[in-house]
Amino acid sequence: MKVRFLLDENLSPRLKIAILRLNPAIDILRLGESNAPTLRTLDPDVLVYLQLSQRLLVTDNRASMPANLEAH
């Protein structure tokens with residue numbers, strides 16, 4: 001199974017560009033793109049999306065995501 005990623009909106013959009021430059025085969029989306037949750041989607045809804053889409057979240061959100069992850 002191929003690992004798929006979702007970049008949180010708190011990360012620079014340039015990160016996706018840099019990752020794909022290193023390996024264009026990586027399946028990576030960023031919040032706000034088509035087929036991804038919209039910008040400012042609440043953490044619990046992002047977690048549901050991740051579960052349904054079988055993606056791993058890449059984030060730097062240390063303020064709210066840990067508590068939401070535990071509740072999820």
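Participant: So what's going on with the environment of M65? Residues and values would help.
Facilitator: Summarising the element assignment, M65 is placed in helix α3 (residues 65-71). By relative accessible area, which is 7% here, M65 ends up buried.

Participant: Would you mind going over helix α2 (residues 43-53) in detail, with residue names and values included?
Facilitator: Think of an α-helix as 3.6 residues a turn; residues three or four steps apart then line up on the same face. Buried within α2 are the following residues: D43, V46, L47, Y49, L50 and S53. One face of α2 carries all of its buried residues, which in axial projection span an arc of 160 degrees. Within α2, the exposed residues directed more than 90 degrees away from the buried face are Q51 and L52. Directly beyond the C-terminal end of α2, a positive phi value near 55 degrees is found at Q54.

Cut-offs and rules
Residues numbered from 1 in each chain as written. Predicted model: local features only at pLDDT ≥ 70, side-chain atom pairs only at ≥ 80, totals over all residues. Heavy atoms only, no water. Helix = DSSP H or I, 4+ residues; strand = E, 2+ residues; numbered from the N terminus. Buried < 20%, exposed > 50% of the residue type's maximum accessible area, 1.4 Å probe, protein only. Arc of directions from axis to C-beta.

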